[in-house]
Amino acid sequence: MIRKIPAFRTISLALILFLLGTFVYPLSYSSATASFSEEDYQKIAEHMREDGSSQDDINSVINKLKNGEILDADKPNSTAFRTSDSNNNGSLTVTSENPTIHQKFEDGSYKKLRLVIEPTDVSTTASNGASLYFKVEGTSVFGTASFNTSAFIDTHIGSSYITGVSGTSIHSIMGVYSDEKLVIDRLTEIRSKSIPAEAHLSYKHTSFGGVSAKTRELRVKIGDHIDDRYGIAVTFTDGRGSYQ
């Protein structure tokens, strides 16, 4: 049976953020609060304000952190208070038409994912797909990570592939990062086995005072079987998040 191949103009670039495991932090911050200064909390406030949080949300988050409480966005299976996307809490889908998803929780904490696709020159398009250059970014109360990817998305019978990754940017709040690595895990999609091309940025986030450390992963997957369509999938987890 031959599957009908859609034209490039109908490609949906699906960017999926799996929330389980995303920005996972310790169940309590109480042992770390002594290491945080008012300047640290001010940095949290400035970062949240840049991400569109209200002053009430900022105050709520900072009060919880000072009391050593875990934020709602970091709790397993926590239900979002409001999201800018109609999908359920299990996955958020960002497309080129809806490039930013902002999921807010009742205490003011949040998870946010953004996709920026550079304009495609006519010379980079072909009958079987197109070359794309894009930036993916994951952010929460505790910071932001991003990197750029160039890739060819094949919409015919060939395989999609990654042509390069660059432009790493990491901003950690209430901690420092180390062991930064940007790696192409699989250059070319194995379409016959539904295995995507893949690259990831990993780094270790250590809270001030060395109280806790987590390895973060911002991972990009490109291929034919991304959310049952051609496209791009991205996860931002503590290294244990699952791709489905």
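Residues numbered from 1 in each chain as written. Predicted model: local features only at pLDDT ≥ 70, side-chain atom pairs only at ≥ 80, totals over all residues. Heavy atoms only, no water.

1. Notes on the packing of helix H1 (residues 38-50) against helix H2 (residues 55-66)
For any two helices packed against each other, one specifies the crossing angle of their axes together with the interaxial distance. Interaxial distance between H1 and H2 falls to 10 Å at its minimum, and their mutual angle equals 145 degrees. In terms of crossing hand, the pair formed by H1 and H2 is right-handed. Residues Glu38, Tyr41, Ile44, Ala45, Met48 and Arg49 of H1 pack against Gln55, Asp57, Ile58, Val61, Ile62, Leu65 and Lys66 of H2. Each residue belonging to the contact of H1 with H2 can be placed in one class, and the counts come to eight nonpolar, one polar and four charged. (Axes fitted to C-alpha atoms, helices over the stretch in contact; angles between N-to-C directions. Helix = DSSP H or I, 4+ residues; strand = E, 2+ residues; numbered from the N terminus. Left-handed = near helix turned anticlockwise from the far one by under 90°. Contact = heavy atoms within 4.5 Å. Nonpolar A, V, L, I, M, F, W, Y, C, P; charged D, E, K, R; others polar.)

2. Digging into the pairing of strand E5 (residues 110-117)
Relative to E5, strand E4 (residues 100-104) runs antiparallel, the two sharing five bridges. Note that in E5 the partner of Lys104 across the bridge is Tyr110. The sheet contact formed by E5 and strand E7 (residues 129-140) spans seven bridges and is antiparallel. For Lys112, the partnering residue across the bridge sits in E7 and is Thr139. (Pairing = 2+ DSSP bridges.)

3. Re H1
Here H1 contains 13 residues, and its C-alpha end-to-end distance of 18 Å stays within 8% of the 18 Å for a straight helix at 1.5 Å per residue. Three or more residues of H1 are buried, namely Asp40, Tyr41, Ile44, Ala45, His47 and Met48. On an axial view of H1, the arc spanned by its buried residues comes to 165 degrees, and they lie on one face. Exposed side chains of H1 directed beyond 90 degrees from the buried face belong to Glu38, Glu39 and Glu50. For H1, the elements touching its buried residues are H2, E5, E7, strand E8 (143-154) and strand E9 (161-172). (Expected span 1.5 Å × (residues − 1). Buried < 20%, exposed > 50% of the residue type's maximum accessible area, 1.4 Å probe, protein only. Arc of directions from axis to C-beta.)

4. Quick notes on the side chain of Ser150
Topologically, Ser150 is positioned in strand E8. In contact with Ser150, not counting residues within four places along its chain, are Leu132, Tyr133, Ile162, Thr163 and Gly164.

5. Thoughts on unusual backbone geometry
Unusually for a residue other than glycine, Met174 sits at a positive phi of about 60 degrees. As for its placement among the helices and strands, Met174 is situated in the loop between E9 and strand E10 (175-186). For Met174, a relative accessible area of 4% puts it in the buried group. Unlike most non-glycine residues, Ser194 shows phi in positive territory, near 55 degrees. Within the element layout of this structure, Ser194 appears in the loop between E10 and strand E11 (197-207). Looking at Ser194, the relative accessible area reads 40%, which means it is partly exposed.

6. Thoughts on the pairing of E7
Most of E7 is tucked away, with nine of its twelve residues classed as buried. Counting the residues in the hairpin turn of E7 and E8 gives two residues.

7. Re the confidence of the model for the protein
On average, residues of the protein score 74 in pLDDT, and 66% of them are at 70 or above. Across the protein, element-level confidence peaks in H2 with a mean pLDDT of 94 and bottoms out in strand E1 (residues 15-18) with 45. The low-confidence segment residues 1-11, where pLDDT is below 50, has twelve contacts with residues more than four positions distant or belonging to other chains. Confidence over residues 240-244 falls short of pLDDT 50; this stretch has ten contacts with residues more than four positions distant or in other chains. (pLDDT = per-residue confidence, 0-100.)

8. As for the packing of aromatic side chains
The geometry of an aromatic ring pair is captured by the separation of the ring centres together with the interplanar angle, meaning the angle of the planes. Using the criterion set out here, one finds two aromatic pairs in the structure. Between Phe152 and Tyr161, the ring centres sit 5.5 Å apart and the planes meet at 20 degrees, which makes this aromatic pair stacked. The exposure class assigned to Phe152 is buried, which follows from its relative accessible area of 9%. Look at Tyr161 and you get partly exposed, because its relative accessible area is 33%. With 6.1 Å between their ring centres and 80 degrees between their planes, Tyr177 and Tyr203 make a pair best called edge-to-face. Residue Tyr177 is located in strand E10, and its partner Tyr203 is located in strand E11; the two are separated by 26 residues in the primary sequence. Residue class for Tyr177 comes out partly exposed when judged on its relative accessible area of 35%. (Phe/Tyr/Trp six-rings, centres within 6.5 Å; stacked < 30°, edge-to-face > 60°.)

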